[in-house]
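Structural description and commentary
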Amino acid sequence: MHNAACKILGIDDQFIFLPAEVAPKNLKLAIDGLKGLQIRGASVTIPHKMAVTALLHKVEEDAKAIGAVNTIVNRDGVLTGYNTDWKGAIDALEKRTNLKGKKAAVIGAGGAARGIVYGLIKKGAFVKIFNRSKDKGASLAAEFGCDFTSLDQTGEIAEMDIIINATPLGMTENVSPIEKQLLNSAQLVFDIVYSPKETKLIKYAKEKGAKIIYGYEMLLNQGIYQFKLFTGYDAPVEVMRKILEKHLR
Ligand code: NAP
């Protein structure tokens, strides 16, 4: 997505985006390497988003409040952390609905859920977290001042306006985090799992006539913000969307 964007803008001689798998024990070495090699920035993903915050010179306000960084920019050796995930998710939701006063169920309490809960509350939604492990769910809810219920008590989801899956359920196995009968045509269902595109939850939502948001929209949106931070250029959105859709097919 980033490389296709650089190519179309003719800046692929200045920027190239490469993947690197970093073991948790090597995280500090990898971050120091950004400075040593004068690498412009990095996307950070599972499982490093929270741990990396302690290794940077600065963390911008939203990322600090969320407690997770998914984007690092290196400006003359000064590493600043950002979180573009939450904006990517909220942009996708706000394209469909006004979040103020809406009842939102967030399934999951991990790194991605943290950003989404933060954004929903910032926009005036009422949030209830549903999570498998009670301690983690309850502690996230307490941190952000919202409600929590265990993932084995999902009945209330039937009354929610917005349902967001922020767990990996549906990614490797054809499973949904919730039953189909909890969904209805008045709801907006957002599955942040982006591969496969048509997860079981998305299929259930379509069958029930609910509005849907695919996970790749969040991935694209967060990448649009990242691209500007990395390169200083506005992202060529349609080029990025097309390449993402092609790869996820
Ligand atoms: P994470 O920090 O590891 O959190 C995972 C969450 O899912 C935890 O709350 C965990 O519950 C729950 N969970 C995991 N396996 C489960 C299971 N079998 N049954 C019930 N709950 C389960 O992961 P993350 O970084 O938040 O990522 C979550 C998903 O979002 C991943 O699939 C990732 O690819 C996707 N994602 C998508 C985007 C996008 O742009 N679309 C961005 C970020 C992440 P416990 O607390 O009980 O362990």
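Below: a short report on this structure. Predicted model only: the values in this text are computed from it and were never measured.

1. Examining the side chain of Thr 80
Here Thr 80 shows up in strand S4 (residues 78-82). Contacts of Thr 80, omitting those with residues within four sequence positions, involve Leu 56, Lys 58, Thr 71, Ile 72, Val 73 and Arg 75.

2. Considerations on the sheet that holds strand S5 (residues 103-107)
Spatially, six strands are ordered S7-S6-S5-S8-S9-S10 in an open sheet, and the strand pairing comes out parallel. At either end of the open sheet lies a strand with only one pairing partner, and these are strand S7 (147-150) and strand S10 (211-213). Each strand axis lies, on average, 20° off the axis of its neighbour in the sheet, ignoring direction. As paired strands, S5 and strand S6 (residues 126-131) are joined by five bridges and run parallel to one another.

3. Topic: the site of the ligand
Near the ligand lie 22 residues; those nearest to it are Ala 109, Ala 112, Asn 131, Ser 133 and Ile 192. At a separation of 3.4 Å, an oxygen atom of the ligand approaches a polar side-chain atom of Lys 136. Burial of the ligand by the protein amounts to 81% of the accessible area it has alone, namely 920 Å². For the shell around the ligand, the secondary-structure elements that each account for two or more residues are helix H5 (111-122) and helix H8 (215-231). Examining the composition of the shell around the ligand, we find that three residues originate from one element, H8, more than from any other. Of the residues that constitute the shell around the ligand, the class distribution is 12 nonpolar, seven polar and three charged.

4. A few points about the nonpolar core
Counting 31 residues, the largest nonpolar core has Leu 93, Val 106, Ile 116, Leu 120, Ile 164 and Phe 190 as the members making the most contacts within it. Of all the secondary structure elements, the ones that give two or more residues to this core are helix H4 (85-94), S5, H5, S6, helix H6 (134-144), strand S8 (162-165) and strand S9 (188-191). Apart from residues no more than four positions distant in its own chain, Ile 116 is found in contact with Ala 89, Ile 90, Val 106, Ile 164, Ala 166, Ile 192 and Met 218.

5. Concerning the pattern of salt bridges
Any two side chains of opposite charge can pair, on the condition that their charged atoms come close. Summed over the entire model, instances satisfying the criterion amount to 12 salt bridges. Notably, a salt bridge pairs Asp 32 with Lys 35, separated by 3.6 Å at the nearest N-O pair. In this pair, Asp 32 and Lys 35 are both assigned in helix H2 (residues 27-36), three residues apart and thus about one turn of the helix distant. Where Asp 62 meets Lys 122, a salt bridge forms, and the shortest distance between an N and an O atom there is 3.2 Å. With Asp 62 in helix H3 (residues 61-66) and Lys 122 in helix H5, this pair connects stretches of sequence that are 60 residues apart. Taken together, the shared-partner salt bridges in this structure form one network comprising Lys 28, Asp 32 and Lys 35.

6. A short note on the packing of aromatic side chains
The final tally for this structure, using the stated rule, is four aromatic pairs. Taken together, a centroid distance of 5.3 Å and an interplanar angle of 85° make the contact between Trp 86 and Tyr 118 edge-to-face. Here Trp 86, found in helix H4, pairs with Tyr 118, found in helix H5; they are 32 residues apart in sequence, far enough to count as distant. In terms of burial, Trp 86 and Tyr 118 fall into one category: buried. With a centroid separation of 6.3 Å and an interplanar angle of 65°, the aromatic rings of Tyr 118 and Phe 144 are classed as edge-to-face. Here the residue Tyr 118 occupies a position in helix H5, and Phe 144 occupies one in helix H6, the gap between them amounting to 26 residues. Phe 144 carries the same exposure label as Tyr 118, and that label is buried. Clustering of aromatic rings is evident, with ring pairs tying together Trp 86, Tyr 118 and Phe 144.

What counts as what
- Residues numbered from 1 in each chain as written.
- Predicted model: local features only at pLDDT ≥ 70, side-chain atom pairs only at ≥ 80, totals over all residues.
- Heavy atoms only, no water.
- Helix = DSSP H or I, 4+ residues; strand = E, 2+ residues; numbered from the N terminus.
- Contact = heavy atoms within 4.5 Å.
- Pairing = 2+ DSSP bridges.
- Axes fitted to C-alpha atoms, helices over the stretch in contact; angles between N-to-C directions.
- Near = heavy atom within 4 Å.
- Polar contact = N/O pair within 3.5 Å; in protein donor to acceptor, adjacent residues only side chain to side chain.
- Areas by Shrake-Rupley, 256 points an atom, 1.4 Å probe, with all protein chains shown as cover.
- Nonpolar A, V, L, I, M, F, W, Y, C, P; charged D, E, K, R; others polar.
- Core = buried A, V, L, I, M, F, W, Y, C linked by side-chain atoms within 4.5 Å.
- Buried < 20%, exposed > 50% of the residue type's maximum accessible area, 1.4 Å probe, protein only.
- Salt bridge = Lys/Arg side-chain N within 4 Å of Asp/Glu carboxyl O.
- Phe/Tyr/Trp six-rings, centres within 6.5 Å; stacked < 30°, edge-to-face > 60°.

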